[in-house]
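The residues making up each chain are set out below.
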Amino acid sequence: MKIPYEQLSPSDAMKTYCDWLAEQLFAGSCRRLEAGQAGWSWYDTFYPLRTLVLGSRLLGEPGYTAPCIRYMDAFVAEQLPNGGFTAHYRGAPSGKMAMKEFRKIMREGCVNIADNGSNVTGLMQALPLLDSGRRKAYIEAARKWFDGWVVAWILKEGCGNGIWGGKRYGTPYTMAMATLASALSAFGLATGEYEYIELAEEQMAYQMTQWLPDGRPVNLTYFDAKAKTAIDDYARMFYLLEGMCWTHLASKNDAVKKAIAERFKQWIFGPSGILAKWSGSWFSFDKPGQPLEKWLLVHPDAKDELPSSQLGVRFTWEMAKANGLLHGLLYYLDNIEDEPSLRAKVDKGIKYLSHPLKARMSGVAAEPEESYGSHAVQATGFAGLSLAQAIRTNSVFEV
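Computed from a prediction, not measured in an experiment: that's the story for all the values here.

**Side note on the overall build of the protein**
Then step 1. The helix and strand inventory of the protein stands at 16 helices and seven strands.
Then step 2. Across the 399 residues of the protein, 59% fall into the buried class.
Then step 3. Looking at the protein alone, contacts between residues at least 24 apart form 70% of all its contacts between residues at least 6 apart.
Then step 4. In the structure as shown, the protein presents an accessible area of about 15,600 Å², 52% of it carried by carbon and sulfur atoms.

Written as structure tokens, this is what we have:
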């Protein structure tokens, strides 16, 4: 399709990007379901789907809905007998799964929390577009995930990440806590069952105790590496921001809402916080990630300094997720504090995302086959969340 490389309104930009995404679902960069290409990550696909869902709702474009349902139906059909979801597309409904295959997945596979928290949130966002039968199926799949699988990994403080590569990770993991809080909040809002929102409150209340004085959150990791990093990368920023937004919106607990609001402010305006990483009309990318062992060689005596979470993060993946940060900042402005200097910054950012030529530098609607566009489909999906929140306040959080 021909993309207008000029300044657009947020609505026109959203339509342009949704048209492009819908085209990609049938192009080589995303034609996975039809081609039966097992092994790709579900959550790589769910962010584009979430933007198409929002585009359908905000722009009145029913044509965006069908491809979303096709992928979401396939995801739900692959739910494991114990309620878990594999992180990767298997290409076959679980109803046809032999016990031998199920055992192999549980011993060697990836049945994690962090990826699937994002995916289940996507299912909840699609609910307003669904017929009653499909809506019931998606809700029950989410309930089975929470009650049958997630319950085994929720701790007294935080949540583990489940299984990755056959290994069990039961210690608190910030990204699992964040995406799970989003999913629990969305589910609770959709069903009216506040007990699930209370579980989200527990996750975020604990994470709010994990913060640095300079404004950065602490990332509790689950890998076989140092147990804590300081959140500097835009990828992890996005997930935690999203979890904080969903929980703050859904919660009726004043103490939890206050804790989230205070950390939100500290994170945005702190000396090493979010705005400290903003240059001109967009976020700065002057510190690319590097392997953890390289950081240790450069800083051999930095025993009291947390390594940056940016270490080892794929550049184009981090760049893609930066496009979604504005939806969290807009939530802060619209629901917590309308701070003028932040509003001016965010307005510049929305203008940046609404100019397809500029946004292309962040991977939005770029060429998926080129190196700079290796996460173009995902970058466009994250951008859509920010544009949707600019088009209609809290539209991203409607279920």
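**Focus: helix H9 (residues 234-250)**
Then step 1. Given a rise of 1.5 Å per residue, 17 residues ought to cover 24 Å, and the 24 Å separating the end C-alpha atoms of H9 matches this to within 8%.
Then step 2. Of all 17 residues that make up H9, 16 are buried, and the element is covered over most of its length.
Then step 3. Of the residues flanking the start of H9, the one acting as N-cap is Asp233, its side-chain oxygen 3.2 Å from the backbone nitrogen of Ala235.

**Quick word on the packing of aromatic side chains**
Then step 1. Evaluation of the coordinates by the stated rule reveals 29 aromatic pairs.
Then step 2. When the ring of Phe264 is compared with that of Tyr332, the centres are 5.3 Å apart and the planes differ by 50°; the resulting orientation is tilted. Of this pair, Phe264 sits in helix H10 (residues 254-269) while Tyr332 sits in helix H13 (residues 325-335), and the two are 68 residues apart along the sequence. Pair check on accessibility: Phe264 and Tyr332 agree, each one buried.
Then step 3. Of the aromatic side chains, those joined through ring pairs into one cluster are Trp40, Trp42, Phe46, Tyr71, Phe75, Phe85 and Tyr89.

**Some remarks on the side chain of Asn119**
Then step 1. Along the chain, Asn119 falls in helix H5 (residues 114-126).
Then step 2. A polar contact of 3.0 Å, which involves the side chain of Asn119, links it to the side chain of Asn116.
Then step 3. Excluding residues that lie within four positions of it along the chain, Asn119 makes contacts with Trp42, Tyr43, Phe46 and Phe75.

**Some words on the environment of Ala200**
Then step 1. On the secondary structure map, Ala200 appears in helix H8 (residues 194-207).
Then step 2. Considered as a pair, Ala200 and Leu184 are 16 residues apart in the sequence and their alpha carbons are 5.7 Å apart.

**Things to note about the sheet that holds strand S1 (residues 111-112)**
Then step 1. The three strands are arranged S1-S2-S3 in an open sheet whose pairing can be described as antiparallel. Each of the sheet's edge strands pairs with one partner strand only, and the pair in question is S1 and strand S3 (167-169).
Then step 2. Of the strand pairs in this sheet, S1 and strand S2 (residues 162-164) are connected by two bridges, and their pairing is antiparallel. Opposite Asn112, over in S2, you have Gly162 as the bridge partner.

**Quick word on the packing of H5 against helix H6 (residues 132-149)**
Then step 1. The geometry of H5 relative to H6 is characterised by a closest axis approach of 9 Å and an angle of 155° between their N-to-C directions. Judged by the inter-axis angle, H5 sits roughly antiparallel to H6. Judged by the twist between their axes, the crossing of H5 over H6 is left-handed. Residue-level contacts link Asn116, Gly117, Val120, Leu123 and Met124 of H5 to Tyr138, Ile139, Ala142, Trp145 and Phe146 of H6.
Then step 2. Classifying every residue of the contact of H5 with H6 by side-chain character gives eight nonpolar, two polar and no charged.

**Quick notes on helix H1 (residues 10-24)**
Then step 1. Its 15 residues give H1 an end-to-end C-alpha distance of 21 Å, which sits within 8% of 21 Å, the value for a rise of 1.5 Å per residue.
Then step 2. Among the residues making up H1, those that are buried are Ala13, Met14, Thr16, Tyr17, Cys18, Trp20, Leu21, Ala22 and Gln24.

**Re the nonpolar core**
Then step 1. In this structure, Trp145, Phe146 and Phe283 are the most contacted members of the largest nonpolar core, which totals 127 residues.
Then step 2. Among the elements that line this core, the one with the most residues is helix H7 (residues 174-191), at eleven residues.

**Quick notes on unusual backbone geometry**
Then step 1. The phi dihedral of Ala365 is positive, around 50°, even though this residue is not glycine.
Then step 2. Mapped onto the elements of the fold, Ala365 is located in the loop between helix H15 (356-360) and helix H16 (376-391).
Then step 3. Here Asn394, not a glycine, exhibits a phi torsion of approximately 65°, which is positive.
Then step 4. The residue Asn394 is located in the segment after H16 in this model.
Then step 5. Residue class for Asn394 comes out buried when judged on its relative accessible area of 16%.

**Quick notes on empty space enclosed by the protein**
In this approach, a probe sized like a water molecule rolls over the atoms, and the result shows the empty space that is left.
Then step 1. In this structure the tally under the stated criterion is one cavity of 30 Å³ or more.
Then step 2. Roughly 30 Å³ of internal volume is contained in the largest cavity.
Then step 3. Looking at the largest cavity, the residues that line it are Thr316, Met319, Ala320, Ser362, Gly363, Tyr372, His375, Ala376 and Ala379.
Then step 4. Mapped by element, the contributors of at least two residues to the lining of the largest cavity are helix H12 (315-322) and H16.
Then step 5. The leading source of residues in the lining of the largest cavity is H12, at three residues.
Then step 6. Residues that form the lining of the largest cavity fall into these classes: five nonpolar, four polar and no charged.

Criteria and cut-off values
Residues numbered from 1 in each chain as written. Predicted model: local features only at pLDDT ≥ 70, side-chain atom pairs only at ≥ 80, totals over all residues. Heavy atoms only, no water. Helix = DSSP H or I, 4+ residues; strand = E, 2+ residues; numbered from the N terminus. Buried < 20%, exposed > 50% of the residue type's maximum accessible area, 1.4 Å probe, protein only. Contact = heavy atoms within 4.5 Å. Areas by Shrake-Rupley, 256 points an atom, 1.4 Å probe, with all protein chains shown as cover. Expected span 1.5 Å × (residues − 1). Polar contact = N/O pair within 3.5 Å; in protein donor to acceptor, adjacent residues only side chain to side chain. Phe/Tyr/Trp six-rings, centres within 6.5 Å; stacked < 30°, edge-to-face > 60°. Pairing = 2+ DSSP bridges. Axes fitted to C-alpha atoms, helices over the stretch in contact; angles between N-to-C directions. Parallel < 35°, antiparallel > 145°, perpendicular 65-115°, else oblique. Left-handed = near helix turned anticlockwise from the far one by under 90°. Nonpolar A, V, L, I, M, F, W, Y, C, P; charged D, E, K, R; others polar. Core = buried A, V, L, I, M, F, W, Y, C linked by side-chain atoms within 4.5 Å. 1 Å grid on protein atoms, 1.4 Å probe; cavity = no way out; pocket = protein on both sides within 12 Å on 5 of 7 lines; lining within 4 Å. Points joined across faces, edges and corners; volume = space filled by probe spheres on them.

These figures come from the coordinates and say nothing about function on their own.
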